[in-house]
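# Architecture and fold: a report
Letter by letter, the chains look like this.
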Amino acid sequence: MSRANRVLALFLLAFPCLVAPAIADQPPQIERHYLVSDGEAVFVTDATLPGVATGSYAVEPNGSIGIVTINDALRQLVAGSLFIGRSPDAKIPAKFELQFTPDDDAMPVRIIDWTARRRIYSLGGAAQQYDPATETLLIDAPLLSGESAGPLKKAGQLTLRLNLVLESESASGGPADSPAAGEGSQTGRGGPRTAGPDLIVGDVRFLHEYGRVGERLSFAAGTSACNKGDTPVSWYANPNVNHPVMTINMFRLKNDRFEQLGYSWVKHGFGAAQLDLCNLGCTPGCPSTVLCSGCADPYTANQLAEQNILASRNWFNPFTGAFPSSGTNSHTGHAHDELSHRLTLREADIAQDQNGNDTAQYFSEGIYICPHEYLPNNGVANNQHNNPCHRPLAAVGNTGDWYGFATLTDEAIRESPAIDEWTGAVRTVIEPAVGVDGRVLVAYKVTGPVAGWWHYEYAFYNQNLDRSIRLIRIPVGDGAHLTNIDFHAPEHEGGWPGDGTAGNAGLSNAPWSVATSSTAIEWSCETFVANPNANAIRWGTLYNFRFDSDRPPQDVQAVVGYFKTGSDGAVTLAGPQAGPPCVGDMDGDRDVDLNDLTLFLAAFGSPCGPGPCAAGDFDSDGDVDLNDLTLFLAAFGATC
């Protein structure tokens, strides 16, 4: 690559909004509603458990479950029921009902014994494949026995082959559907509307497992978005860039450390439903190309797990919402395994019988990035900062068999990132370019002393700062000693063709380098010029920095170095105070021993001009003499 081309590539990576032209005129979005006409259900079940016997069953007609497609892509399943009748050979007379309730925060799909009216199984994370040519839907999902709030066991597999019949078709799009400020209701059950489009995450639901490779497992969660603004939010399908994208994160609070365990790639929004899931007072009637004021648009976990439609976060500017009009979700040139592009967690981080995880708390987080919330795109206001939503989770499932995370609260905690769950931490915000770029939330806590040592814990969560962070420098008082220095970051997925990184190499997972001096401790990764794929704190990720010190805290001005662009910034944190002089401690290890004696003798007899010597001049008279030797011998063997 020539120097000119390399400079251009780095420039475009730094400013992705410049490669994301808006598309004014698009073909209409075709929305189709289907009902299930009939089909086949194939059960493979654990013979030791009560329930449906292994076999093939007919799906009876006239069920109420349906689907909605946008431009021949599966948009949503419609709540309802399917009846699964007698087996084709009539040897199994039982009837079962499959219930789909997408607003259920626990297990939205259940298998019910139609006669006894009791649940036999729930369905775990399902693979869904819609074929527009044959108008069929294939659903493949694990069967789970037990209740969602208690131990769950994988008990088999269900494959549904459903034949569909078209119920209705409509088209929307074009200038008439362009949202205007002030459209729709100004108030609702949720109170007055925000000026302009204001998209928030309304929910992030039950976390389902979708497979494993070795000791790593993949997950996805259903999400929904709600428009609390007074303006409909643009929701055009690709290749139009005027639509939001969504992604999920996973965190753990354990031993008073709040860490990110993983994150997923993003899913493009396409076609908005108009539901009242946030209790804001939705009045439906908007076309699918916009989300009405007060209305909500849900996506299932299965849609966020569909690997062929996920896009790398590296393509997106999290503040402006800008992204290229093509190529973001290309999956040519690589094959997927069970983990690819999904939220991936290590079994050792979630297994309840390992590493003290039974005392840990877990939190899922949903984030939407919406270009219509960026002021230049709506002419009213920047409304990006209240998008995240999170839920406390309960880990359920049998270790090594199946994992899931059930929700612990009746409702998600909206307009709140998961880091808010770190109780007792001091929080501050870094926002280097208000109205131009996003923000980083910083939380820190100092605990102790324990046996004379304080623990310093810092978490930097990049909510939507495109420029990212590459350096953290925390002042340390002279004479303070540090130990147990550590760093933690979520793991990035390896490189893929078309993943938005330089050379498709993927983001680096190299731990940050650490350097200490008598005045500061500094963590850093490579610069953008040296490596545009360096392990910077990018949007939607949380990094941890920690150490112990023998000195209590005081407020200090820490330095924050940015990655893509911008001069260094500052943030007020807690850092160790200066320590008292330790007479005789020549090597800084807070005791006076033979090593210090060797260093002192090397300095003995040396004048050092006006002022105290750097070492050995304990009486600060400008030289190292017999008086200093007397002071040294008096301190010999002591610790400080």
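Since we're looking at a predicted model, the values are computed, not measured. (Residues numbered from 1 in each chain as written. Predicted model: local features only at pLDDT ≥ 70, side-chain atom pairs only at ≥ 80, totals over all residues. Heavy atoms only, no water.)

## Considering the environment of Trp512
- With respect to the helices and strands, the residue Trp512 is situated in the loop between β32 (482-488) and β33 (513-516).
- A sequence separation of 24 residues divides Trp512 from Ala536, and the C-alpha atoms of the two residues are 8.8 Å apart.
- Of the polar contacts made by the side chain of Trp512, one reaches the backbone oxygen of Asn535; its length is 2.6 Å. (Helix = DSSP H or I, 4+ residues; strand = E, 2+ residues; numbered from the N terminus. Polar contact = N/O pair within 3.5 Å; in protein donor to acceptor, adjacent residues only side chain to side chain.)

## As for the confidence of the model for the chain
- Across the chain, pLDDT averages 86, with 88% of residues at or above 70.
- The low-confidence segment residues 1-24, where pLDDT is below 50, has 32 contacts with residues more than four positions distant or belonging to other chains.
- In the predicted structure, residues 175-185 sits below a pLDDT of 50 and forms 24 contacts with residues beyond four places in sequence or in another chain. (pLDDT = per-residue confidence, 0-100. Contact = heavy atoms within 4.5 Å.)

## What to know about the nonpolar core
- Ranked by internal contacts, the top residues of the largest apolar core, which has 43 residues, are Leu207, Phe219, Trp235, Met250, Ile350 and Phe405.
- For Phe405, the contacting residues outside a window of four places in its chain are Phe206, Leu207, Phe219, Met250, Leu345, Ile350, Tyr362, Leu393, Ala394, Ala395 and Val396.
- Trp454, Ile472, Phe563 and Leu573 belong to the second-largest nonpolar core, a separate cluster that totals 35 residues. (Core = buried A, V, L, I, M, F, W, Y, C linked by side-chain atoms within 4.5 Å. Buried < 20%, exposed > 50% of the residue type's maximum accessible area, 1.4 Å probe, protein only.)

## Thoughts on the pattern of salt bridges
- Under the defined criterion, the tally for this structure stands at 20 salt bridges.
- Residue Glu457 pairs with Arg257 through a salt bridge whose shortest N-O separation is 3.6 Å. Residue Glu457 is located in strand β30 (residues 453-462), and its partner Arg257 is located in strand β18 (residues 257-263); the two are separated by 200 residues in the primary sequence.
- One salt-bridge network, held together by shared partners, links Arg252, Arg257, Glu259, Asp349, Glu457, Asp486 and Arg546. (Salt bridge = Lys/Arg side-chain N within 4 Å of Asp/Glu carboxyl O.)

## Quick look at unusual backbone geometry
- The omega angle of the peptide bond from Asn238 to Pro239 is 10°, so this bond is cis rather than trans.
- For Pro239, the position within the fold is in the loop between β16 (233-234) and β17 (245-254).
- Cis geometry is adopted by the peptide bond preceding Pro449, which originates at Gly448 and carries an omega value of 5°.
- As for its position among the elements, Pro449 is in strand β29 (residues 440-450).
- One non-glycine residue, Ser468, adopts positive backbone phi at about 65°.
- Structurally, the position occupied by Ser468 is in the loop between β30 and β31 (469-475).

## Digging into the pairing of strand β7 (residues 109-113)
- Taken across its five residues, β7 has five buried, putting it largely inside the fold.
- Along β7, one buried face is formed by Val109, Ile111 and Asp113 and the opposite face, lined by Arg110 and Ile112, is buried too.
- Here five bridges tie strand β6 (residues 96-100) to β7, and the two strands are oriented antiparallel to one another. Among the inter-strand pairings, Phe96 is bridged to a residue of β7, identified as Asp113.
- Two successive antiparallel strands, β7 and strand β8 (residues 118-123), enclose a turn made up of four residues, where Arg117 displays a positive phi of approximately 55°. (Pairing = 2+ DSSP bridges.)

## A few points about the sheet that holds strand β36 (residues 553-562)
- Ordered by their spatial adjacency, five strands build an open sheet running β33-β34-β31-β36-β37, and the pairing between neighbours is antiparallel. Looking along the sheet, the strands with just one partner apiece sit at the ends: β33 and β37 (569-576). With strand direction ignored, the average angle separating the axes of adjacent strands in the sheet is 20°.
- Bridge count for β31 against strand β34 (residues 520-524) is five bridges, and the pairing is antiparallel. Bridging from a neighbouring strand, Arg473 pairs with Glu522 of β34. (Axes fitted to C-alpha atoms, helices over the stretch in contact; angles between N-to-C directions.)

## Let's talk about the side chain of His243
- In this structure, His243 sits in the loop between β16 and β17.
- Its relative accessible area of 0% is what places His243 among the buried residues.
- Here Tyr236 takes part through its backbone oxygen, which lies 2.8 Å from a polar atom of the side chain of His243.
- Setting aside chain neighbours within four positions, we find His243 in contact with Ser234, Trp235, Tyr236, Ala237, Asn238, His268, Gly269, Phe323, Ile369 and Pro371.

## Structural notes on the packing of aromatic side chains
- Counted by the stated rule, this structure contains 28 aromatic pairs.
- Measuring from centroid to centroid gives 6.4 Å for Tyr444 and Tyr458, while their planes differ by 35°, and the two rings are tilted. With Tyr444 in strand β29 and Tyr458 in strand β30, this pair connects stretches of sequence that are 14 residues apart. For the pair shown, Tyr444 and Tyr458 are each scored as buried. (Phe/Tyr/Trp six-rings, centres within 6.5 Å; stacked < 30°, edge-to-face > 60°.)

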